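# Inside the fold
The residues making up each chain are set out below.
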Amino acid sequence: MTTTSRLPVSSTFEGEERKHYEETNFDAEVASYAPRLRGRKLTVSIAFVAGTGFTLFGYDQGVMSALLTAGQFEKVFPQVVVDSSHPNHATLQSFVVAVYEIGCLMGALSNLWVGDRLGRRQTIALGGCIMIIGAILQTTSYSYAQLVVARIVTGIGNGLNTSTVPSYHAELSSAAKRGALILIEGSLITFGVMISFWPVRYPLPFLPPDSQAHSYWANGSSAQWRVPIALQIVLALVMVFGIGFLPESPRWLVKQNRNAEAIAVISALEDKSPDDAEVQRTYHAIRETVAIEDFRASSGLGGKHALQSSKRSPLRKLLVGGRSQHFRRACLGTILFQRLGLSDVTSRLIAAANGTEYFLASLIAIFIIDRIGRRKLMLFGAMGQCITMILLAVLGSVQGTGAQVTSAVLLFVFNSFFAIGWLGMAWLYCAEIVGLEIRAPANALSTSSNWIFNFVVVMVTGPSFNNISWGTYIVFAALNALIIPVVYFFFPETAGRSLEDMDVVFALAYNEGVSPVQVSLRKDVPLAGSPEADRILGIETIDRKVVTLRETL
């Protein structure tokens, strides 16, 4: 009896000692992965590197538009010179701008395969390196064909970055500040466009506005266009170098079973101890999401949750299609102002001023996005854009100086609505709404749809104005009007919720048989990682199925 009574005690002691040893080792492993930066410093550093990537994106888009009519650029690439003797050059001019979108499409689609394999940081670094190669090829171009190929290469790198950076930044941001932080990226796109306009076109503001010297700098050398293109390399180097000092996304780390590293990153982001209750809740919410997805994929017994996942698929597809409206201001600004009957120099000057106003207007959304939510901003932007395009169509049918001036003002107004309602939202919302399982592929597909639409817009806008004139504005108005009911009926609110909280929103909507939009507007949805959320997600049911499956095997 004495022997049998001691065995359980010894066994219990050994089990507790082993558990303590494992916990001590795990804590030591977490400590070894602690990032060098914590709290606010880490948040600012992530925002800076992510913002540099999007400034590079904006600059790269705007600089080519700014250089198309530069004398030295036309001398090296006569194919972009449009005149009465070469009317077909209009297509070649549009193509050298639009082919960049094809490269971006290729880069975004490639993220379907490399995104989850390489991780967020390595994908961003790869994209930056490809952009550097593309910028070098553009800078050293001496033929139209080389320039086109170089634009495609640069686009591939940018496609990788723009389909990865928003997800990376969203996964490293708190629910309370995520909207503002990612909208900063949208503003920095316009900042990149703005700095591509002024230094290239108007570096000498004290000269008369209509003088040739005022239009471009270095008129006697190809440095006039090579130096502005080469400046992309500086921004890309900052991004590639900076990403090396930042941590990987904790969501991706958990997905790769690198749990200690994930806890270390969450702890650093929240500037709290790894055993803090909030850090542990965030970590367990992510682990539960990954566990559910892994179980569903490996066993096929996802049951209720599998149905919940399929319930989300139509919305995800709709979201991908809905984003195709977004973002096309940089390369069309001068063209649209020229269509109003303004001179070339005046058009370029007003387009540059428009780019500046565009940047300033985008700053407004940063301060209100997390207060009033995503849906209200999207609806506000879409309605304002629609009304503005209708007014432009009306004025387009009227001749006169007054109509031209008013139309120019309305283009500024349109950009303001777009900057506040949709510019940053295009990159934020998709990263928030989809689950971890398909976040990288979904962002790749949604970004791809963006580049396809951009390519179409660049290629058809000129011919459309030539054929139907102000009727083009009616087409744009109709497209913007379509956004309003889609957002109102199908886009749930994501403000104030963590990325894992949205899984709870969709699961609760499915359980109750109501729209996810209705549930997203409620205040009683439990936080992911809590016992209440676990019951809504069916985690207890899945745990029982795991036990049953193991007993069967």
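Owing to the predicted nature of the structure, the values given are computational and were not obtained by experimental measurement. (Residues numbered from 1 in each chain as written. Predicted model: local features only at pLDDT ≥ 70, side-chain atom pairs only at ≥ 80, totals over all residues. Heavy atoms only, no water.)

### Things to note about the overall build of the protein
Each helix and strand in the protein was counted, giving 25 helices and zero strands. Taking the intrachain contacts of the protein between residues at least 6 apart in sequence as the baseline, contacts between residues at least 24 apart amount to 79%. As presented, the protein carries roughly 23400 Å² of accessible surface, and 65% of it is formed by carbon and sulfur atoms. (Helix = DSSP H or I, 4+ residues; strand = E, 2+ residues; numbered from the N terminus. Contact = heavy atoms within 4.5 Å. Areas by Shrake-Rupley, 256 points an atom, 1.4 Å probe, with all protein chains shown as cover.)

### Quick notes on the pattern of salt bridges
Oppositely charged side chains can form a pair if their charged atoms are brought close together. For the structure shown, the criterion picks out twelve salt bridges. Here Arg 178 makes a salt bridge to Glu 432, at a shortest N to O gap of 2.7 Å. Note that Arg 178 is positioned in helix H8 (residues 178-201) and Glu 432 in helix H19 (residues 425-433), a separation of 254 residues in sequence. Of the two residues examined, Arg 178 and Glu 432, each falls in the buried class. The salt bridge partner of Arg 281 is Glu 278, with a shortest N-O separation of 2.9 Å. In this pair, Arg 281 and Glu 278 both sit in helix H13 (residues 277-299), three residues apart, roughly one turn of the helix. Here the residues in one salt-bridge network are Asp 116, Arg 120, Glu 171 and Lys 255, joined through shared partners. (Salt bridge = Lys/Arg side-chain N within 4 Å of Asp/Glu carboxyl O. Buried < 20%, exposed > 50% of the residue type's maximum accessible area, 1.4 Å probe, protein only.)

### Some thoughts on unusual backbone geometry
For Asn 257, which is not glycine, the phi torsion reads 65° and is therefore positive. Tracing the chain through its elements places Asn 257 in the loop between helix H11 (250-255) and helix H12 (259-270). With relative accessibility at 58%, the residue Asn 257 sits in the exposed group. The phi dihedral of Asp 271 is positive, around 55°, even though this residue is not glycine.

### Some details on the packing of helix H17 (residues 374-396) against helix H18 (residues 401-423)
Between H17 and H18, the shortest axis-to-axis distance is 8 Å and the interhelical angle comes to 165°. By the criterion of interaxial angle, the relationship of H17 to H18 is roughly antiparallel. Relative to H18, H17 is oriented so that their crossing is left-handed. Contact with H17, carried on its side by Leu 377, Met 378, Phe 380, Gly 381, Ala 382, Gly 384, Gln 385, Thr 388, Met 389, Leu 391, Leu 392 and Leu 395, involves Ala 403, Thr 406, Ser 407, Leu 410, Leu 411, Val 413, Phe 414, Phe 417, Phe 418, Ile 420, Gly 421 and Trp 422 of H18 and no other residues of that element. Residue composition of the contact of H17 with H18, grouped by class: 17 nonpolar, seven polar and no charged. (Axes fitted to C-alpha atoms, helices over the stretch in contact; angles between N-to-C directions. Parallel < 35°, antiparallel > 145°, perpendicular 65-115°, else oblique. Left-handed = near helix turned anticlockwise from the far one by under 90°. Nonpolar A, V, L, I, M, F, W, Y, C, P; charged D, E, K, R; others polar.)

### So, the environment of Leu 428
Within the fold, Leu 428 resides in helix H19. Remark: the alpha-carbon pair of Leu 428 and Ala 170, spanning 258 residues in sequence, is separated by 7.5 Å. Among residues more than four places away in sequence, those in contact with Leu 428 are Arg 178, Gly 179, Ile 182, Leu 183, Ile 369 and Arg 374.

### Points about the environment of Gly 471
By the element assignment, Gly 471 lies in helix H21 (residues 471-490). For Gly 471, a relative accessible area of 15% gives the class buried. Separated by 77 residues in sequence, Gly 471 and Val 394 have C-alpha atoms that sit 9.3 Å apart.

### Let's talk about the packing of H18 against H19
The N-to-C vectors of H18 and H19 enclose an angle of 15°; their axes lie 7 Å apart at closest approach. One way to sum up the angle between H18 and H19 is to call them roughly parallel. Each of Gly 421, Trp 422 and Leu 423 in H18 lies in contact with H19, whose residues at this interface are Met 425, Ala 426 and Trp 427. Considered class by class, the residues forming the contact of H18 with H19 number five nonpolar, one polar and no charged.

### Some points on the packing of aromatic side chains
According to the stated counting rule, one finds twelve aromatic pairs in the structure shown. Geometrically, the ring pair formed by Phe 191 and Phe 359 is tilted, given 5.3 Å between the ring centres and 50° between the ring planes. In this pair, Phe 191 is assigned in helix H8 and Phe 359 in helix H16 (residues 344-372), connecting sequence segments 168 residues apart. Using a relative accessible area of 15% as the deciding quantity, one classes Phe 359 as buried. Considering the side-chain rings of Tyr 429 and Phe 491, the 5.1 Å spacing of their centres and the 5° angle between planes classify their relative orientation as stacked. You can see Tyr 429 sitting in helix H19 and its partner Phe 491 sitting in the loop between H21 and helix H22 (501-512), a full 62 residues away along the chain. When sorted by exposure, Tyr 429 lands in the same class as Phe 491, which is buried. Connected via pairs of aromatic rings, a cluster forms that spans Phe 54, Phe 57 and Trp 427. In this arrangement the basic side chain of Arg 226 is found over the ring face of Tyr 142, its NZ or CZ atom lying 4.2 Å from the centre. Lying over the aromatic face of Tyr 488, Arg 375 brings its terminal NZ or CZ to 5.5 Å of the ring centre. (Phe/Tyr/Trp six-rings, centres within 6.5 Å; stacked < 30°, edge-to-face > 60°. Lys NZ or Arg CZ within 6 Å of the ring centre and 35° of its normal.)

### Remarks on the confidence of the model for the protein
Within the protein, residue pLDDT values average 79, and 78% of them lie at 70 or more. Taking the mean pLDDT of every element in the protein, the minimum, 42, falls on helix H14 (residues 303-322) and the maximum, 95, on helix H5 (residues 120-139). Low confidence marks residues 203-215, where pLDDT is under 50. Its contacts with residues over four positions away, or in another chain, come to 21 contacts. Below pLDDT 50 for its whole length, residues 544-553 participates in eight contacts with residues either more than four positions away or in separate chains. (pLDDT = per-residue confidence, 0-100.)

### Let's talk about the side chain of Glu 185
Among the secondary structure elements, Glu 185 is positioned in helix H8. When near neighbours in sequence (up to four residues on either side) are disregarded, Glu 185 contacts Ala 50, Phe 54, Val 165, Pro 166 and His 169.

### Focus: H21
With 20 residues, H21 should cover 28 Å at 1.5 Å per step; its first-to-last C-alpha distance of 30 Å lies within 8% of that length. If you check which residues of H21 are buried, you get Gly 471, Thr 472, Tyr 473, Ala 477, Asn 480, Ile 483, Val 486 and Val 487. (Expected span 1.5 Å × (residues − 1).)

### Section: a nonpolar patch on the surface
On the surface, Phe 48, Val 227, Leu 231, Val 234 and Val 238 cluster together into a nonpolar patch covering about 420 Å² of accessible area. Counting residues per element, the nonpolar patch draws most heavily on helix H10 (residues 223-243), which supplies four residues. Relative to the assigned elements, Leu 231 resides in helix H10. We classify Leu 231 as partly exposed; its relative accessible area is 44%. (Patch = residues over 30% accessible without salt bridge, like charges linked within 9 Å, V, L, I, M, F, W, Y side chains within 5 Å.)

### A short note on the environment of Arg 117
Mapping Arg 117 onto the fold places it in helix H4 (residues 89-118). For Arg 117, a relative accessible area of 63% translates into the label exposed. Residues Arg 117 and Trp 252 lie 135 residues apart in sequence; the distance between their C-alpha atoms is 9.7 Å. A polar side-chain atom of Arg 117 sits 2.4 Å from the main-chain carbonyl oxygen of Trp 113. (Polar contact = N/O pair within 3.5 Å; in protein donor to acceptor, adjacent residues only side chain to side chain.)

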